[in-house]
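Each chain, written out:
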Amino acid sequence: MSGLGPKRLGKELTKIQNSLPPGITLVSADNLEEWFLDIQVLDQNPLYAGQTYRLKFKFSKSYPIEPPEVTFTKTDNRPIPMHPHIYSNGIICLDLLGSQGWSPVQNVESVCMSIQSMLTGNTKDERPPGDEEFVRGNRLRPRDIDFYYHDNTV
């Protein structure tokens, strides 16, 4: 990895190893290409009460100019959350994670907080329309998917 990425990621890693907002925990960051963080929804939203979810961040050589690839990862005790903008394979439909909504001032912490907020405000226990077909047929990396952002109410 060359360019701005390593220096920026080093600074971010130092910061998050020392301090993260409530409900966000660094699980591993063994290199500057892939990190895992756990998030929890801290309010009383019954859809997510008592659950912890695992996020995988993948950084390209162009980070922070380009957004990281962020997906939910399923493990034995870390499910993929139910949400109208989260596919069952962990891909997240969030404008912040696309080239149009991304800004280099964003960082790992702000992305985690945005996803926490997205979950906190959700009241629908459902997947996006066409989830099964999308998961079965998608061969693109999340950053290469051209999502149509049509419902900002969830």
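In this report, the structure presented in the accompanying data block is examined. (Residues numbered from 1 in each chain as written. Predicted model: local features only at pLDDT ≥ 70, side-chain atom pairs only at ≥ 80, totals over all residues. Heavy atoms only, no water.)

**Notes on the overall build of the protein**
Part 1 of the argument: When its secondary structure is counted, the protein shows three helices and four strands.
Part 2 of the argument: From first element to last, N terminus to C terminus, the protein shows the α and β order α-β-β-β-β-α-α.
Part 3 of the argument: Buried positions account for 46% of the 154 residues belonging to the protein.
Part 4 of the argument: For the protein, contacts bridging at least 24 residues in sequence account for 62% of all contacts bridging at least 6.
Part 5 of the argument: Total accessible area computed for the protein in this model is approximately 8,500 Å², and 48% of it derives from carbon and sulfur atoms. (Helix = DSSP H or I, 4+ residues; strand = E, 2+ residues; numbered from the N terminus. Buried < 20%, exposed > 50% of the residue type's maximum accessible area, 1.4 Å probe, protein only. Contact = heavy atoms within 4.5 Å. Areas by Shrake-Rupley, 256 points an atom, 1.4 Å probe, with all protein chains shown as cover.)

**What to know about the pattern of salt bridges**
Part 1 of the argument: For the structure on display, the rule yields four salt bridges.
Part 2 of the argument: For the salt bridge of Glu-12 with Arg-8, the shortest nitrogen-to-oxygen distance reads 2.8 Å. Of this pair, Glu-12 and Arg-8 both sit in helix 1 (residues 5–18), separated by four residues, roughly a single helical turn. With respect to burial, Glu-12 and Arg-8 carry one shared label: buried.
Part 3 of the argument: Where Arg-54 meets Asp-38, a salt bridge forms, and the shortest distance between an N and an O atom there is 2.5 Å. Remark: Asp-38 occurs in strand 2 (residues 34–39) and Arg-54 occurs in strand 3 (residues 53–58); sequence separation between them is 16 residues. (Salt bridge = Lys/Arg side-chain N within 4 Å of Asp/Glu carboxyl O.)

**Describing the nonpolar core**
Part 1 of the argument: In terms of nonpolar packing, the biggest core is built from 30 residues, with Trp-35, Phe-57, Phe-72 and Ile-115 touching the most fellow members.
Part 2 of the argument: Elements with a minimum of two residues in this core: helix 1, strand 2, strand 3, strand 4 (69–73) and helix 2 (108–120).
Part 3 of the argument: Sorting elements by how many residues they give to this core places helix 2 first, with six residues. (Core = buried A, V, L, I, M, F, W, Y, C linked by side-chain atoms within 4.5 Å.)

**Observations regarding unusual backbone geometry**
Part 1 of the argument: With an omega of 10 degrees, the peptide bond running from Tyr-63 to Pro-64 counts as cis.
Part 2 of the argument: Looking at the element boundaries, Pro-64 is found in the loop between strand 3 and strand 4.

**A word on the sheet that holds strand 2**
Part 1 of the argument: The four strands are arranged 1-2-3-4 in an open sheet whose pairing can be described as antiparallel. Each having just a single partner strand, strand 1 (24–28) and strand 4 make up the two edges of the open sheet. Averaged over all neighbouring strand pairs, the angle between strand axes comes to 30 degrees, with direction disregarded.
Part 2 of the argument: Two elements, strand 3 and strand 4, share five bridges in a ladder whose sense is antiparallel. If you follow Arg-54 over to strand 4, its bridge partner there is Thr-73.
Part 3 of the argument: With respect to the sheet, helix 1 is in contact with strand 1 and strand 2, its orientation differing from that of strand 2 by roughly 30 degrees.
Part 4 of the argument: Contacting strand 1, strand 2, strand 3 and strand 4, helix 2 runs over the sheet at an angle of about 40 degrees to strand 2. (Pairing = 2+ DSSP bridges. Axes fitted to C-alpha atoms, helices over the stretch in contact; angles between N-to-C directions.)

**What about the environment of Ser-62?**
Part 1 of the argument: As for its placement among the helices and strands, Ser-62 is situated in the loop between strand 3 and strand 4.
Part 2 of the argument: Separated by 56 residues in the primary sequence, Ser-62 and Pro-6 have C-alpha atoms spaced 10.0 Å apart.

Nothing here speaks to function; it is geometry throughout.
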